[in-house]
Amino acid sequence: MSLRPTTALLALLALLLTAGAASASPAAKVPTLVFPVLGESSYQDDFGDARGQGGHQGNDIMAPRNALALAAEAGTVKFHTTSSRAGCMLYLDGASGTQYLYIHLNNDLTEANDNRGTCVAGVAYAKGLRNGAKVAAGQPVGFVGDSGDANGINPHLHFEVHPSGGGAANPFPYLGKARRLLFSAQPGTTFTLALTGKVANAAGEELQLNVDQVRQWPGGRKVKQPGQRVPVVFPETALIEGLAGAAGLSPFPTLDLLTRGLPVTVWTEPATVTFAALAGTKGALAASRVVVKP
Ligand SMILES: [Zn+2]
């Protein structure tokens, strides 16, 4: 489904004729995305690369088997289960008019490549997700896998972006600007995190962490998040533990004790799940305890 120059030209002409000069191009309608995979992943600009059936129409996001695939924006999901090449696949019709394709979702019942699962919720699609359901931005929609013609190769999400539901656009620039979520949980529920990493900066009432791993409760799910910079509010009531020379717990610890590069685990105060919390936005997470590792 490559957009040939002639098609593009016709589309552009049609736009100019019908919409007037002030109108934005179709690509401008793609909003800032939520990165469609939670946790550690890697991808490159492989859009248009030669593939067996023509040019590659998306980017392959390499991730651990069963990593959560997240809704890139709010919209409506459609399951597609009958393509031998795509395997377990999902369409997300975004509220912006952009359509996203999620291809090669999981079809295994164990951590091995057993191919014993089918394209159903709980295996390929998120638990409890229904075909035709409305989803919020960042909501889990599926699990990364190797179904279809990705069987036996490294699990990955083949992700496509179709502005205005038309031809495929290169996802690469959108992925580069996408917001990465720190964890995944139902909005409105209560969560606590353990953020493990190194102190990047500590001043005033804010601790900046370079996070390597996020563990969340309830559930205890552990996700690697290498390189994520996360700001955490450090209230007066927060404790610092395990710091040599600080005599254990200080009733009024100061952030000055946390020098750059110090390995720590930060436990957050229980809070309500919001999009800002999921994204680790400044001011959304507060520390209850900072444990310095020897
Ligand atoms: Zn691909």
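In the block above lies the structure referred to throughout.
Residues numbered from 1 in each chain as written. Predicted model: local features only at pLDDT ≥ 70, side-chain atom pairs only at ≥ 80, totals over all residues. Heavy atoms only, no water.

Participant: Could you give an account of the coordination of the zinc ion, naming the residues involved and the relevant values?
Facilitator: Looking at the zinc ion, one finds its protein donor set to be His56 (NE2), Asp60 (OD) and His158 (ND1), positioned 2.0 to 2.1 Å from the metal centre. Donor residues for the zinc ion sit on one chain with the sequence pattern H-x3-D-x97-H. (Donors = N, O, S within 2.8 Å, 3.2 Å for Na, K, Ca; no water.)

Participant: Can you break down the side chain of Asp60 residue by residue, with the values?
Facilitator: Position of Asp60 among the secondary structure elements: in strand S3 (residues 59-62). Classification of Asp60 by relative accessible area gives buried; the value is 11%. Among the polar contacts listed, one links the side chain of Asp60 to the side chain of His56, at a separation of 3.1 Å. A distance of 3.2 Å separates the side chain of Asp60 from the side chain of His158, its partner in a polar contact. The residues contacting Asp60, other than those within four sequence positions of it, are Ser42, Tyr43, Gln44, Asp46, Arg51, His156, Leu157 and His158. (Helix = DSSP H or I, 4+ residues; strand = E, 2+ residues; numbered from the N terminus. Buried < 20%, exposed > 50% of the residue type's maximum accessible area, 1.4 Å probe, protein only. Polar contact = N/O pair within 3.5 Å; in protein donor to acceptor, adjacent residues only side chain to side chain. Contact = heavy atoms within 4.5 Å.)

Participant: Give a description of the pairing of strand S13 (residues 222-233) that names residues and reports values.
Facilitator: In this structure, strand S12 (residues 206-217) lies alongside S13, joined through 9 bridges in antiparallel fashion. Bridge pairing in S13 places Arg215 opposite Lys222. Here S12 folds back onto S13, and the loop between the two strands holds 4 residues, one of which, Gly219, carries a positive phi near 110°. (Pairing = 2+ DSSP bridges.)

Participant: Any chance you could break down the layout of surface pockets for me, citing the residues and the numbers?
Facilitator: Looking at the largest pocket, its volume works out to about 640 Å³. Elements that contribute at least two residues to the lining of the largest pocket include exactly strand S2 (54-55), S3, strand S6 (87-94), strand S7 (99-105) and strand S10 (156-162). Across the lining of the largest pocket, the residue classes break down as 9 nonpolar, 10 polar and 5 charged. (1 Å grid on protein atoms, 1.4 Å probe; cavity = no way out; pocket = protein on both sides within 12 Å on 5 of 7 lines; lining within 4 Å. Points joined across faces, edges and corners; volume = space filled by probe spheres on them. Nonpolar A, V, L, I, M, F, W, Y, C, P; charged D, E, K, R; others polar.)

Participant: Tell me about the environment of Lys198, and name the residues and values.
Facilitator: As for its placement among the helices and strands, Lys198 is situated in strand S11 (residues 190-203). For the pair Lys198 and Asp212, spaced 14 residues apart in sequence, the C-alpha separation works out to 8.0 Å. Sequence-distant contacts of Lys198, that is, excluding residues within four places in its chain, are made with Gln208, Leu209, Asn210, Gly261, Leu262 and Pro263.

Participant: How would you summarise the state of the cysteines if you had to cite specific residues and measurements?
Facilitator: Evaluated as defined, the whole model comprises 1 disulfide. One disulfide bridge connects Cys88 with Cys119, the sulfur atoms lying 2.1 Å from each other. Disulfide Cys88-Cys119: torsion about the S-S bond near -80°, hence left-handed. Here Cys88 is found in strand S6, whereas its partner Cys119 is found in the loop between S7 and strand S8 (134-135), with 31 residues between them in sequence. (Disulfide = S-S within 2.5 Å.)

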